[in-house]
Amino acid sequence: MIKKSFKISILDYKISNLKSVKNALTYLGFENVTTFDPKEISKSDGLILPGVGSFPHGMSNIKKLNLIEPINKFIQSGRPLVGICLGMQLLFDKSFEFKDTDGLGVIAGEVRNFRTINK
């Protein structure tokens with residue numbers, strides 16, 4: 001049996017800690033590429049949305065880089081997607097970090113600060 005390689009795209013939306021994710025995937029033996037190119041994303045077997053930073057800044061960069069449609073197409077394809085930290089939060093409908101900001105709307109719900117939930 002021939003083992004097919006599994007190529008993972010690490011989404012570079014100009015805000016994230018990309019090196020740690022890339023190093024981990026390389027260590028584990030996964031072919032990987034750091035990219036914001038929709039064609040490269042569409043050719044991948046998996047997609048990772050890493051993230052360090054603020055929700056509004058992350059969504060702003062995703063919009064500026066025209067990544068909403070490529071992310072949604074990838075998700076609709078049924079291939080695996082992993083969101084890490086901010087990357088996971090961006091998948092929700094909305095966040096209230098710093099200001100009300102719409103997210104990607106992949107997961108129904110809102111990202112809220114624990115201190116504001118019961119107020």
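Cut-off values and rules
Per chain, the residues get numbers from 1 upward, laid out in the order the sequence is written. Thresholds applied to this predicted model are a pLDDT of at least 70 for local features of residues and 80 or more for the giving and counting of side-chain atom pairs; totals over whole chains, interfaces and linings are not thresholded and use all residues. To get the side-chain values, all heavy atoms of the structure are used, and hydrogens and water are removed first. Secondary structure follows DSSP: runs of H or I at least 4 residues long count as helices, runs of E at least 2 residues long count as strands, and numbering of each begins at the N terminus. Based on C-alpha atoms, the radius of gyration is set beside the globule rule, defined as 2.2 Å times the residue count to the power 0.38. Note on definitions: a residue-residue contact is assigned when non-hydrogen atoms from the two residues lie within 4.5 Å. In this description, accessible areas are obtained by the Shrake-Rupley approach with a 1.4 Å probe, and a residue is regarded as covered only by the protein chains that are shown. Neither His nor the chain ends contribute to the count of charged residues, in which Lys and Arg are positive and Asp and Glu negative. The location of each charge is read from NZ of Lys, CZ of Arg, CG of Asp or CD of Glu. Paired strands are those between which DSSP finds at least two bridges. In this analysis, axes come from line fits to C-alpha atoms, helices being fitted only over the stretch in contact, and the angle between any two N-to-C directions falls in the range 0 to 180 degrees. Buried means the residue's accessible area, taken with a 1.4 Å probe over protein chains only, is under 20% of the maximum for its type, while exposed means over 50%, and partly exposed covers the values in between. Salt bridges are counted wherever a side-chain nitrogen of Lys or Arg sits within 4 Å of a carboxyl oxygen of Asp or Glu. Residue types Ala, Val, Leu, Ile, Met, Phe, Trp, Tyr and Cys, when buried and joined through side-chain atoms within 4.5 Å, form a set referred to as a nonpolar core. Polar contacts, as used here, are pairs of N or O atoms within 3.5 Å; protein pairs need one atom able to donate a hydrogen and one able to accept it. Residues neighboring in sequence count only if both atoms are side-chain atoms. Here the arc refers to the directions that run from the helix axis out to each C-beta atom.

Draft legend 1. A look at the overall build of the protein chain. Looking only at helices and strands, the protein chain features 5 helices and 7 strands. For 119 residues, the compact-globule estimate of 2.2 N^0.38 gives 14 Å, and the protein chain sits close to it at 15 Å. At a minimum sequence separation of 6, the contacts of the protein chain that also span at least 24 residues come to 68%. By element, 57% of the accessible surface of the protein chain is carried by carbon and sulfur atoms, the whole surface being about 7,500 Å². The centroid of the 17 positive side-chain charges in the protein chain is displaced by 3 Å from the centroid of its 11 negative side-chain charges.

Draft legend 2. Up close: the sheet that holds strand β3 (residues 46-49). The strand order β2-β1-β3-β4 describes an open sheet built from 4 strands, whose pairing is parallel. The open sheet has two edge strands, β2 (31-35) and β4 (81-83), and neither has a second partner. The mean angle between the axes of side-by-side strands here comes to 20°, regardless of whether they run parallel or antiparallel. Strand direction decides the pairing type here: β3 and β4, joined by 3 bridges, are parallel. Among the inter-strand pairings, Ile48 is bridged to a residue of β4, identified as Val82.

Draft legend 3. Focus on the side chain of Lys7. Among the secondary structure elements, Lys7 is positioned in strand β1 (residues 7-11). Lys7 gets classed as buried once you look at its relative accessible area, which sits at 16%.

Draft legend 4. Examining the pattern of salt bridges more closely. By the definition in use, this model includes 5 salt bridges. Close ionic contact of Glu40 with Lys7 constitutes a salt bridge, the shortest N to O distance being 2.1 Å. Of this pair, Glu40 sits in helix α2 (residues 38-42) while Lys7 is found in strand β1, placing the two residues 33 residues apart along the sequence. Glu40 is paired through a salt bridge with Lys43; the nearest N and O atoms lie 3.9 Å apart. A single salt-bridge network, built from bridges that share partners, covers Lys7, Glu40 and Lys43.

Draft legend 5. Quick look at the nonpolar core. By size, the foremost hydrophobic cluster in this structure holds 18 residues, and its most contacted members are Leu11, Tyr13, Ile62, Leu90 and Leu104. The set of elements that each furnish at least two residues to this core consists of β3, α3 (55-64) and α4 (68-76). When residues in this core are grouped by element, the largest group, 3 residues, is from α3.

Draft legend 6. Structural detail: α3. Looking only at α3, the buried set comprises Phe55, Pro56, Gly58, Met59, Asn61 and Ile62. Those residues of α3 that are buried lie in contact with α4, α5 (86-89), β5 (92-95), β6 (101-102) and β7 (107-111). N-capping of α3 is provided by Ser54, with a side-chain oxygen placed 3.3 Å from the backbone N of His57.

Draft legend 7. Up close: α4. For α4, the full list of buried residues reads Pro70, Ile71 and Phe74. Axial view of α4: buried residues confined to an arc of 100°, hence all on one face. Every exposed residue of α4 that faces more than 90 degrees away from the buried side is listed here: Glu69, Lys73 and Gln76. Those residues of α4 that are buried lie in contact with β1, α2, β3 and α3. Just downstream of α4 lies Gly78, where phi reads positive at about 85°.

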